[in-house]
Amino acid sequence: KPKHVILTPNLTTCHKSLSDADRPVYCCPPKRESLEPIIDFQFPDISEPIRVRKPAHKVDADYIAKYNRAIAIMKSLPYDDPRSYMRQANMHCIYCTGAYNQQNSNSLLKIHRSWMFFPWHRMMIYFHERILGSLIGDENFALPFWNWDSPDGMFIPDMYLNGSMIDTQRDSSHLPPQVADINYDYFERGLGPEDQISTNVAFMYNQMVSGAKKTELFMGCPYKAGENGFCDGPGTIELAPHNALHTWVGSNLNPEREDLGAFYSAARDPIFYAHHSNIDRLWNVWNQLRGGDKPAIEDPEWLDSTFYFHNEKSQLVRIKIRDVLDSSKLRYAYEKVENVWLNARP
Ligand code: C2O
């Protein structure tokens, strides 16, 4: 028996699962991934260019055209192809609604509301970004990030209102010029733009600084493998702005505020990837704020937790949390932006 048990899915178990409102959903791949060969994750070669993720409200028309083209190709691939848009979206559904059982246990695997949140989503968008780039033959391609913590980014970015970036299942009263309520909780605060912006900035200070001084407060509770390993304690940022903006963007006419508002459907909306790119950036910012060279969490049960994704060559890759702690080794970076909330101490 190993000295610690690793949280990892049993790929032979993909099954019907439940939405947030306990409705049955099915998001499994068409054929058993367990029959596919598996390769271990390898860092991209250091000769690869660094992909620089930019704020979605500042990208230029060429970039938008390029990204649209990549998404259009991705949407045209058949469901059999793990790089296809619906398969990508369903990866989120699988890991978020508990479509896999854990290895050596009948417990479901669900990566939200715990310390799996940041690393798992980093993996998901890392592979997604590289697939998009390979579909258009551009090894510089980088996802944008929705800079909702910056006053000029607190709107649904315009690029998501056209072409392949449109998702019709969004709350129409929250389209631009409506300022986002990054702490939205199903009711309209009714603040004017300036008050909403300053409320948001102050809230960010709380979620990133004053309310996130302890690792567990920011990262979420320690979810471990096995029957009694589950925990339900999302970190500050996961709860809001993360969950809050999922709800705020999703359509108020749908039962679970699909698309963005429900786990099973969230990644069908292209804005999902920019939302998570910003979350991912903020994880780095938090690490810098704590002056961390070493990981905030050194528990091997976290570091060795293992997940599976398809890469741009459609190979099934086994990847551990310890592989994704340093984003520079993954050959992407964030364009530097001012974090105005840093100076918003009340
Ligand atoms: Cu897995 Cu933004 O949710």
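The rules behind each value
Residues numbered from 1 in each chain as written. Predicted model: local features only at pLDDT ≥ 70, side-chain atom pairs only at ≥ 80, totals over all residues. Helix = DSSP H or I, 4+ residues; strand = E, 2+ residues; numbered from the N terminus. Buried ≥ 20, exposed ≤ 12 C-beta atoms within 10 Å, placed from the backbone. Contact = placed C-beta atoms within 7 Å. Pairing = 2+ DSSP bridges. UniProt positions renumbered as here; feature names shortened; annotations may be inferred. Axes fitted to C-alpha atoms, helices over the stretch in contact; angles between N-to-C directions. pLDDT = per-residue confidence, 0-100. Expected span 1.5 Å × (residues − 1). Arc of directions from axis to C-beta. Parallel < 35°, antiparallel > 145°, perpendicular 65-115°, else oblique. Left-handed = near helix turned anticlockwise from the far one by under 90°. Nonpolar A, V, L, I, M, F, W, Y, C, P; charged D, E, K, R; others polar.

Labelled according to an unreviewed UniProt entry, the chain appears under the name Tyrosinase copper-binding domain-containing protein, originating from Papaver somniferum.

A. Representation of the overall build of the chain. The number of helices and strands found in the chain is 8 helices and 9 strands. In terms of principal-axis extent, the alpha carbons of the chain reach across some 55 × 45 × 45 Å. Counting over 346 residues, the chain shows a buried share of 44%. If you take every contact in the chain between residues at least 6 apart in sequence, the share linking residues at least 24 apart comes to 71%.

B. Representation of the pairing of strand E7 (residues 306-310) within the structure. Burial within E7 is extensive, with 4 of its 5 residues counted as buried. Note: E7 against strand E8 (residues 316-320), 5 bridges, orientation antiparallel. Of the residues in E8, the one forming a bridge with histidine 310 is leucine 316. Linking E7 to E8, which pair antiparallel, is a turn of 5 residues; within it serine 314 sits at a positive phi near 65 degrees.

C. Expanded view of unusual backbone geometry. For the bond running from proline 176 to proline 177, omega is 10 degrees, close enough to zero to count as cis. Examined against the element boundaries, proline 177 turns out to sit in the loop between helix H3 (117-135) and helix H4 (193-210). With an omega dihedral of 10 degrees, the bond running from alanine 240 to proline 241 counts as a cis peptide bond. Note on placement: proline 241 falls in helix H6 (residues 236-249). Phi at aspartate 22 is positive, roughly 65 degrees, even though this residue is not glycine. Mapped onto the fold, aspartate 22 is located in the loop between strand E2 (17-18) and strand E3 (24-25). Positive phi, normally seen in glycine, also occurs at arginine 113, with a value near 60 degrees. Looking at where arginine 113 falls in the secondary structure, it is placed in the loop between strand E6 (101-102) and H3. Exposure remark for arginine 113: the 20 C-beta atoms within 10 Å place this residue in the buried category.

D. The arrangement of the UniProt feature "domain: Tyrosinase copper-binding" (unreviewed entry) in the chain in detail. When the UniProt feature table is mapped onto this chain numbering, "domain: Tyrosinase copper-binding" (unreviewed entry) sits at residues 269-280. Taken end to end, residues 269-280 has its terminal C-alpha atoms 18 Å apart, with 83% of it in helix and 0% in strand.

E. Expanded view of the pairing of E8. Where strand E4 (residues 38-40) lies against E8, 3 bridges are found, and the strand directions are parallel. From the neighbouring strand, isoleucine 39 faces E8, where its bridge partner is valine 317.

F. Inspection of the sheet that holds E8 at higher detail. Spatially, 3 strands are ordered E4-E8-E7 in an open sheet, and the strand pairing comes out mixed. Of all strands in the sheet, those with a lone pairing partner are E4 and E7, marking the two edges. Neighbouring strand axes in the sheet, compared pairwise and without regard to direction, differ in orientation by 35 degrees on average. On the sheet, H3 packs against E7 and E8 and is oriented at approximately 15 degrees with respect to E7.

G. A look at the confidence of the model for the chain. Per-residue confidence for the chain averages 96 on the pLDDT scale, and 99% of its residues sit at or above 70. With pTM at 0.97, the complex prediction returns an ipTM value of 0.99.

H. Fine view of helix H1 (residues 61-76). For H1, with 16 residues, the first-to-last C-alpha span of 22 Å sits near the 22 Å given by 1.5 Å per residue. Of the residues making up H1, those classed as buried are Tyr67, Ala70 and Met74. Taken down its axis, H1 places every buried residue within 60 degrees of arc, on the same side. Exposed residues on H1 whose side chains face more than 90 degrees from its buried face are Ala61, Asp62, Ala65 and Ser76. Its buried side turned inward, H1 meets helix H2 (85-97) and H3.

I. H4, seen in detail. In this model H4 runs 25 Å from its N-terminal to its C-terminal C-alpha over 18 residues, within 8% of the 26 Å that 1.5 Å per residue would give. The set of residues buried in H4 consists of Asn200, Val201, Phe203, Met204, Tyr205, Gln207 and Met208. Those residues of H4 that are buried are in contact with H6 and helix H7 (271-289).

J. Representation of the environment of serine 265 in the model. Mapped onto the secondary structure, serine 265 falls in the loop between H6 and H7. Serine 265 sits in the buried class, given 26 other C-beta atoms within 10 Å. With 30 residues separating them in the primary sequence, serine 265 and proline 295 have C-alpha atoms 32 Å apart.

K. Fine view of the packing of H6 against H7. Where H6 contacts H7, the axes come no closer than 11 Å and their chain directions differ by 165 degrees. Considered as vectors, H6 and H7 are oriented roughly antiparallel to each other. Read as a crossing pair, H6 and H7 show a hand that is right-handed. Two secondary-structure elements touch here, H6 through Ile237, His242, Leu245 and Val249 and H7 through Ile271, His275, Ile279 and Leu282. Tallied by class, the residues present in the contact of H6 with H7 amount to 6 nonpolar, 2 polar and no charged.

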